[in-house]
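A closer look at the structure
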Amino acid sequence: MKAPTHLAFAGLVGVTASGLGSQLDAVSMSALAVGALLPDVDTSTSGIGRWFGPVSGKLERTVGHRTLTHSLLGLVLTAGLSSWLLLLTPRAWLWLLVGMLTHILLDAHNIQGVPLLYPLRLEFVSVTNKTWRCGYGSPAEFGYLAAFALSALALSPLALDGFSPWFHRVLGAPYGAVEDYLLWRDRYQVVVDVRGVNLITAEAVNDRFTVIDALSDDVLLVEDGTGRSYTVGQGNTNIHAKRVAAWRADPRTMTTYRLELAGRRVSDLMASLPRDAQQVLLNAELELDRPINLPPVVGSFARLDARGTTLHARSASIGDFVPLADTLITQGSAVVRAYYHPEVTPTPPILTAPPLTAHVLTLPNLPSVSGLLVSVGDEVVEGERIARYVDDDALATSQAEAEAAHARLPELERELIQQQASFERDAAALEQTIHQANDDLAKLRYLVSAGARPRNDLVHAEHHADDLAKQLLDLQTTWTSQRTRLDTQLRETRVSIASAERDHQHALDAQWVRAPFAGIVSDIRITQVGTQGIDLELTFLQGGDSELVSQ
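Worth saying up front: this structure is predicted, and the values here are computed from it rather than measured.

1. Comments concerning the overall build of the protein
If you tally the helices and strands in the protein, you get 13 helices and 18 strands. For 551 residues, the compact-globule estimate of 2.2 N^0.38 gives 24 Å, and the C-alpha radius of gyration of the protein, at 42 Å, exceeds that figure by more than 25%. With the principal axes as the frame, the protein shows a C-alpha extent of 145 × 85 × 50 Å. Taken across its 551 residues, the protein has 41% of its residues classed as buried. For the protein, long-range pairs separated by at least 24 residues make up 69% of all intrachain contacts whose partners lie at least 6 apart in sequence. Surface exposure of the protein reaches about 29100 Å², of which carbon and sulfur atoms provide 57%. Side chains of the protein give 45 positive and 62 negative charges; the mean places of these two sets differ by 7 Å.

2. What about the environment of Ala313?
The topology assignment puts Ala313 in strand S10 (residues 310-316). Judged by its relative accessible area of 8%, Ala313 is buried. Considering only alpha carbons, one finds Ala313 and Ala284, 29 residues apart in sequence, at a separation of 4.9 Å. Ignoring any residue separated from it by four or fewer positions in sequence, one finds Ala313 in contact with Leu282, Asn283, Ala284, Arg303, Leu304 and Phe321.

3. Some points on the nonpolar core
Core analysis: the largest hydrophobic core is formed by 39 residues, its most contacted members being Val192, Leu220 and Ile386. Here this core gets five residues from one element, more than from any other, and that element is helix H10 (residues 174-184). When neighbours within four sequence positions are excluded, Leu220 is seen to be in contact with Ala177, Val178, Tyr181, Val192, Val211, Asp213, Ala214, Tyr230, Thr231 and Val232. By size, the runner-up hydrophobic cluster in this structure holds 25 residues, among which are Tyr257, Val280, Ile292 and Ile329.

4. Topic: the packing of helix H2 (residues 26-37) against helix H7 (residues 90-107)
At a closest axis distance of 6 Å, the pairing of H2 and H7 adopts a crossing angle of 35°. The way H2 lies across H7 gives a crossing that is right-handed. Listed contacts from H7 to Val27, Ser28, Ala31, Leu32, Val34, Gly35, Ala36 and Leu37 of H2 are Arg91, Ala92, Trp95, Leu96, Val98, Gly99, Met100, Thr102 and His103. A class-by-class count of the residues in the contact of H2 with H7 yields 11 nonpolar, five polar and one charged.

5. Some words on the environment of Leu490
Structurally, the position occupied by Leu490 is in helix H13 (residues 455-511). Classification of Leu490 by relative accessible area gives buried; the value is 4%. Linking Leu490 and Ile520, residues 30 residues apart in sequence, is a C-alpha distance of 50 Å. Those residues in contact with Leu490, other than ones at most four positions away along the chain, are Leu409, Leu412, Glu413 and Leu416.

6. Examining the sheet that holds strand S3 (residues 219-223)
Spatially, S1-S2-S3-S4-S5 is the arrangement adopted by the five strands of the closed barrel, whose pairing is mixed. In this sheet, adjacent strand axes meet at a mean angle of 45° when their direction is disregarded. Bridge count for strand S1 (residues 188-198) against strand S2 (residues 204-216) is seven bridges, and the pairing is antiparallel. Bridging across to S2, Val191 finds its partner in Thr210. Relative to the sheet, H10 contacts S1, S2, S3, strand S4 (229-233) and strand S5 (239-251), its axis offset from that of S5 by approximately 20°.

7. Digging into helix H4 (residues 53-62)
Of the residues making up H4, those classed as buried are Ser56, Gly57 and Leu59. The buried residues of H4 occupy an angular sector of 165° when projected down its axis, which confines them to one face. Across from the buried face of H4, at angles greater than 90 degrees, the exposed residues are Pro54, Lys58, Arg61 and Thr62. Those residues of H4 that are buried are in contact with helix H3 (47-51).

8. Description of the side chain of Ser315
You can see Ser315 is positioned in strand S10. Judged by its relative accessible area of 0%, Ser315 is buried. At a separation of 3.2 Å, a polar atom in the side chain of Ser315 contacts the side chain of Arg337. Beyond its immediate chain neighbours, meaning those up to four positions away, Ser315 contacts Ile212, Asp213, Leu221, Leu281, Leu282, Asn283, Arg303 and Arg337.

9. Some words on the pairing of S4
The side chains of a regular strand alternate, first on one face of the sheet and then on the other. Counting buried positions over the five residues of S4 gives five, a clear majority of the element. Going residue by residue along S4, you find Ser229, Thr231 and Gly233 tucked away on one face and Tyr230 and Val232 tucked away on the opposite face as well. Note that S3 and S4 share four bridges and pair antiparallel. The partner of Glu223 across the bridge, within S4, is Ser229.

10. Quick word on the environment of Ala245
Mapping Ala245 onto the fold places it in strand S5. The spatial distance from the C-alpha of Ala245 to the C-alpha of Ala465 is 102 Å, given a sequence separation of 220 residues. Not counting residues within four places of it along the chain, the set of residues in contact with Ala245 comprises Arg169, Val191, Val192 and Asp193.

Each value, and the rule that gives it
Residues numbered from 1 in each chain as written. Predicted model: local features only at pLDDT ≥ 70, side-chain atom pairs only at ≥ 80, totals over all residues. Heavy atoms only, no water. Helix = DSSP H or I, 4+ residues; strand = E, 2+ residues; numbered from the N terminus. Rg over C-alpha atoms; globule rule 2.2 N^0.38 Å. Buried < 20%, exposed > 50% of the residue type's maximum accessible area, 1.4 Å probe, protein only. Contact = heavy atoms within 4.5 Å. Areas by Shrake-Rupley, 256 points an atom, 1.4 Å probe, with all protein chains shown as cover. Lys, Arg positive; Asp, Glu negative; His and termini not counted. Charge placed at Lys NZ, Arg CZ, Asp CG, Glu CD. Core = buried A, V, L, I, M, F, W, Y, C linked by side-chain atoms within 4.5 Å. Axes fitted to C-alpha atoms, helices over the stretch in contact; angles between N-to-C directions. Left-handed = near helix turned anticlockwise from the far one by under 90°. Nonpolar A, V, L, I, M, F, W, Y, C, P; charged D, E, K, R; others polar. Pairing = 2+ DSSP bridges. Arc of directions from axis to C-beta. Polar contact = N/O pair within 3.5 Å; in protein donor to acceptor, adjacent residues only side chain to side chain.

The analysis is restricted to geometry; functional conclusions fall outside its scope.
In structure tokens:
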């Protein structure tokens, strides 16, 4: 194949890899292009061969064209000779080798194939039928060149965002938009095109919104151009979405910090927020010095929720707090997320204090946020239960085993009491009979010795006494066996109860997540949505009486 065809095929591979999530910068693309031409360094007539004149001539004279450089051995040698790139840019080293692979793969579609296992002279081809393979400089090669180039050009716009977001846009499902938002939110502002209906006002919705946050794996919190916010999804939301498509907007950076606000007014909070940020959002739970009444919100999401003297804020803006500016905060804190243009250096907040210690706890594959027991602003102690991985089947199994063992225990205890009473009753009667027989035997011996009774009567009486003693021995033997059996069953049942209860407790303990350290929950973020559940990231803050924590 000619150099333009190799470059076009390598370009198609690079665009496809970029669309699948690989990071290709200018250096990596250059390495890919050089790698796509490098195997032809073994001939002085190629473009790259003219760049490496002496090396190309030497290779051409010693091993010939399309031999060593078109084999796995050549690939390994190139990897070793270019390993110095690992010190500068490992990514460029990898893409250099990928480029060589694309060249070898494409040349396998030539009529003569490639010696993949050189120095063995075995030609490897893509298809066995020669008529389906491509000759050097043939019209078929021009067709391949055109197909590769046009495909790369067609895929380039899709690769900028990645293929996955375009797939999500085709589906139009809210969960796909949530995944795209979680992928981009730390580096870009994210907007969504929503087509659906407002469930409160029954108005049709077909508009573009700015994404504020992800409330669950299929619900977004968005904002329109007037500052009103809405929940978007297909469940209990403000806007029932028929189609949702997410897009990257302007690049930005994010900084997060926490303000301890006890004894301050809401106006102090507003004054502390950065003025040079593109967007500032707050999550907070505050206790105020007086009850407040906020106007009802119809058809949109209330970012401030007041219940008596307690104020909850979810992704609230500065403007949301304006009506409460003179209100005194008796206790509580706020987590501030500020978004900046990448070229802007965030300014420090007005309130300053020694930093607290921040700890991050990751909860992977939590079935849903309903398994979380804490919220922003909660203070937890070390070892406190904060989340649960619900598995009722495991608990039900151990519970059923314990209940079955508990049910057997009274039956065995009753049987033991009944058997013991029966033994004692039979043994007492038999012992009384033996006592009477022994008295009669003593009298009979006297009479026999005096000649008043025949000796045969004494023999019969002695045999009768022996039979009664044997009956008592048999009764005692049977009872000890029964007692041993029942005691063993009782012991095994009690062990089964203890084991089932222990398994139940272990299963329950395994489902609970305990706080590994004490502190205040300053932020809860959904980091990923998958088939097994959602990944949550909880930030805990520890420290003294500081008023601000910057992260």
